[in-house]
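# Understanding the architecture of this molecule
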Amino acid sequence: MFKTLFIAGFVCGVCNPAHAQTSFPVKVIPGAVPADRSPDGNTVIFEDPDGLIVVDTGRHFAHQAAIIAYSDARKKPITAIVNTHWHLDHSGGNQELRVLFPNAKLYTSHAVNGALDGFLAKELERSRAMAADPKVNEYEKSEIRLGISALEDRKDLIPDVPVTGDMALGRLALHLAPFAATEGDTWLYDPQSRTVVAGDLIVAPVPFFDTACGAGWRAALDKVAAQSFDRIIPGHGPSLTRGAFEDYRKAFGRLLDCAASPAAAASCAEGWRKDAAQFMTSDAERAYADRAIVYYLDNILRVPAKQAELCGAQKE
Ligand SMILES: [Zn+2]
């Protein structure tokens, strides 16, 4: 059913008009961010005459079902999967897609290898204990089992084609951001639609620093800023204009400057709330951002040994 090529001339609303005759739509499947369970990252699907390149695959079956439905609607196979990073809300659906499209090659950085033996190995152990705990309710267990099955399936998380620097995937330019939100984040640029996909280099309402190197992340945002583009799609939440991206980058830099200063963590959180006000849409998000910033400063950004580890000092 996916064998028929569909190469009709297609006028694309977001593409450069000069290329309209040969352009295909860029599809965004927004990741859900429900209050009562773990999120899905955004998926972005790029199309060429031969098939679809799927950037990030979500965590939940409903998200993967939407990706498969799109492939079906476009009558094209998934030929490649890109994971912007190894967090399971972005890579947990690789397996589900490759059951249907076993030839889809996975592009991501080597960082997942270290994560599978470290951070994710601990998560797997914790998850198995919770799945066996009679005090944990069935709903929670169904969430936990999703993570377990993704982690037990290492082959669908490890890259077929590692992203080790700047490289091409069809018309897309893939870039490695070393030691940023994770040890190796991948972001990409599509010249046809002038779109950047940033993964979790941009996250609202607050950057997730759990596995992050602050300095490397700042450098990654500076590299993205050097790219000419019209819109940028974050790992979670709606697309940003160039101007909104610059606001985010400025707010991020000021947050790191505050973290490096003697200022109280609460005042850094207050600064973020002002600088990044446009990326928070409710009081609940503002309160969450406050708590998260204080936590990240106390536990990650202001802990020199932790930052040294996350910034790769031990690998030099
Ligand atoms: Zn994420």
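Residues numbered from 1 in each chain as written. Predicted model: local features only at pLDDT ≥ 70, side-chain atom pairs only at ≥ 80, totals over all residues. Heavy atoms only, no water.

## Examining the overall build of the chain
As a reminder, the rule being used: Runs of H or I in DSSP of at least four residues are treated as helices and runs of E of at least two as strands, each being numbered from the N terminus. Atoms considered for the radius of gyration are the C-alpha atoms alone. The globule rule reads 2.2 Å times the number of residues to the power 0.38. Areas reported here follow the Shrake-Rupley algorithm with a probe of radius 1.4 Å; residue values treat only the protein chains shown as occluding. The charge count treats Lys and Arg as positive and Asp and Glu as negative. His and the chain ends do not count. Positions of charges follow a simple convention, taking NZ of Lys, CZ of Arg, CG of Asp or CD of Glu.
When its secondary structure is counted, the chain shows 11 helices and 12 strands. Relative to its length of 316 residues, the chain is compact, with a C-alpha radius of gyration of 20 Å against a globular reference of 20 Å. Projected onto its principal axes, the C-alpha coordinates of the chain cover approximately 60 × 50 × 45 Å. Roughly 14,100 Å² of accessible area belongs to the chain as shown, and the carbon and sulfur atoms make up 58% of that amount. Each charge sign in the chain was given a centre, from 33 positive and 39 negative side chains, and these centres are 2 Å apart.

## Notes on the coordination of the zinc ion
For clarity, the cut-off: Donor atoms (N, O, S) are those found within 2.8 Å of the metal centre, with the cutoff raised to 3.2 Å for Na, K and Ca; water is not part of the atom list, so apparent gaps in a site can occur. Site shape is set this way: if four donors have all angles between 85 and 135 degrees, tetrahedral; if opposite donors are over 155 degrees apart and all others between 65 and 115, square planar for four donors and octahedral for six; otherwise irregular. When accessible area is computed with a 1.4 Å probe and restricted to protein chains, residues below 20% of their type maximum are described as buried, those above 50% as exposed, and intermediate ones as partly exposed.
The protein atoms donating to the zinc ion are Asp89 (OD), His90 (NE2), Asp200 (OD) and His236 (NE2), with metal-donor distances spanning 2.0 to 2.5 Å. Viewed at the metal, the four donor atoms of the zinc ion are separated by angles of 84 to 155 degrees, and the geometry they form is irregular. Each donor residue of the zinc ion belongs to the same chain, and together they define the spacing D-H-x109-D-x35-H. Taken together, the positions of aspartate 89 in helix α2 (residues 88–91) and histidine 236 in the loop between β11 (231–234) and β12 (240–241) put the pair 147 residues apart, joining distant regions of the chain. Its relative accessible area of 7% is what places aspartate 89 among the buried residues. Given a relative accessible area of 6%, histidine 236 falls into the buried group.

## Focus: the pattern of salt bridges
Selection rule: A carboxyl oxygen of Asp or Glu within 4 Å of a side-chain nitrogen of Lys or Arg is what we treat as a salt bridge.
The full count for this structure, using the stated rule, is 21 salt bridges. Across the pair glutamate 47 and lysine 76 runs a salt bridge, and its minimum N-O distance is 2.9 Å. You can see glutamate 47 sitting in strand β2 (residues 43–48) and its partner lysine 76 sitting in the loop between α1 (61–74) and β4 (78–82), a full 29 residues away along the chain. Comparing glutamate 47 with lysine 76 shows no difference in burial state: the two are buried. Aspartate 257 is the partner of arginine 218 in a salt bridge, and the nearest nitrogen-oxygen pair spans 2.9 Å. Here arginine 218 is found in helix α7 (residues 214–225), whereas its partner aspartate 257 is found in helix α8 (residues 242–259), with 39 residues between them in sequence. The exposure class of aspartate 257 is partly exposed, given its relative accessible area of 44%. A cluster of three or more residues bridged by salt bridges with shared partners is formed by Arg98, Asp153, Lys155, Asp156 and Asp160.

## Describing the sheet that holds strand β5 (residues 105–108)
The line we're drawing: Between any two strands, pairing holds if DSSP finds at least two bridges. Any two residues whose heavy atoms approach within 4.5 Å at even a single point are treated as in contact. Note on geometry: axes are C-alpha line fits, over the in-contact stretch for helices, and angles between N-to-C directions span 0 to 180 degrees.
If you trace the six strands from one edge of the open sheet to the other, you get β1-β2-β3-β4-β5-β6, paired in mixed fashion. Every other strand in the sheet has two partners, leaving β1 (27–29) and β6 (161–162) as the edge strands with one partner each. Bridge analysis of β1 against β2 gives three bridges, and the strand direction is antiparallel. Note that in β2 the partner of valine 28 across the bridge is valine 44. Contacting β1, β2, β3 (51–55) and β4, α1 crosses the sheet at an angle of about 15 degrees to β2.

## Thoughts on the pairing of β3
Under the convention used in this document: By convention, orient the strands away from the viewer: a clockwise path from the first strand over the helix to the second makes the crossover right-handed.
Taken across its five residues, β3 has five buried, putting it largely inside the fold. Sheet topology places β2 next to β3; five bridges connect them, and they run antiparallel. Considered in β3, the bridge of phenylalanine 46 is made with isoleucine 53. Counting the residues that bridge the hairpin from β2 to β3 gives two residues. Both β3 and β4 contribute to a ladder of four bridges, which runs parallel. Looking across to β4, one finds that isoleucine 53 is bridged to alanine 80. One crossover worth recording links β3 to the parallel β4 by way of α1, and it is right-handed.

## Some words on the side chain of aspartate 40
Rules: Whenever two N or O atoms come within 3.5 Å, that pair is a polar contact, provided that in protein one can donate a hydrogen and the other can accept it, and provided that, for residues adjacent in sequence, both atoms are side-chain atoms.
Positionally, aspartate 40 belongs in the loop between β1 and β2. Among the polar contacts listed, one links the side chain of aspartate 40 to the backbone nitrogen of histidine 60, at a separation of 2.8 Å. Aside from chain neighbours lying at most four places away, what touches aspartate 40 is Gly31, Ala32, Gly58, Arg59, His60, His63, Asp89 and His236.

## Some points on the layout of surface pockets
Under the convention used in this document: Cavities and pockets were defined on a 1 Å grid built over protein atoms only: a cavity is a set of grid points that admits a 1.4 Å probe from which the probe cannot escape, a pocket is an open set flanked by protein on both sides within 12 Å along at least five of seven lines, and lining residues are those with an atom within 4 Å of any such point. Grid points are joined across faces, edges and corners, and a volume is the space filled by probe spheres set on the points. Under this grouping Gly is polar, as are all residues other than the nonpolar Ala, Val, Leu, Ile, Met, Phe, Trp, Tyr, Cys and Pro and the charged Asp, Glu, Lys and Arg.
Each pocket or cavity is described by its volume, and for the largest pocket that value is around 930 Å³. Looking at the largest pocket, it is lined by 28 residues, and the ones nearest its centre are Ser38, Pro39, Arg59, Phe119 and Glu123. The greatest single-element share of the lining of the largest pocket, amounting to six residues, is contributed by helix α5 (residues 119–131). Here the lining of the largest pocket is built from residues that sort into 13 nonpolar, five polar and 10 charged. What the second largest pocket holds in volume is close to 590 Å³.

## Focus: the side chain of threonine 84
Relative to the helices and strands, threonine 84 resides in the loop between β4 and α2. A relative accessible area of 1% places threonine 84 in the buried class. Looking at threonine 84, its side chain comes within polar contact range of the side chain of aspartate 56, at 2.7 Å. Side chain to side chain, threonine 84 and histidine 85 meet in a polar contact 2.9 Å long. Excluding its chain neighbours within four sequence positions, the residues that come into contact with threonine 84 are Val55, Asp56, His90, Gly184, Asp185, Thr186, Val197 and Gly199.

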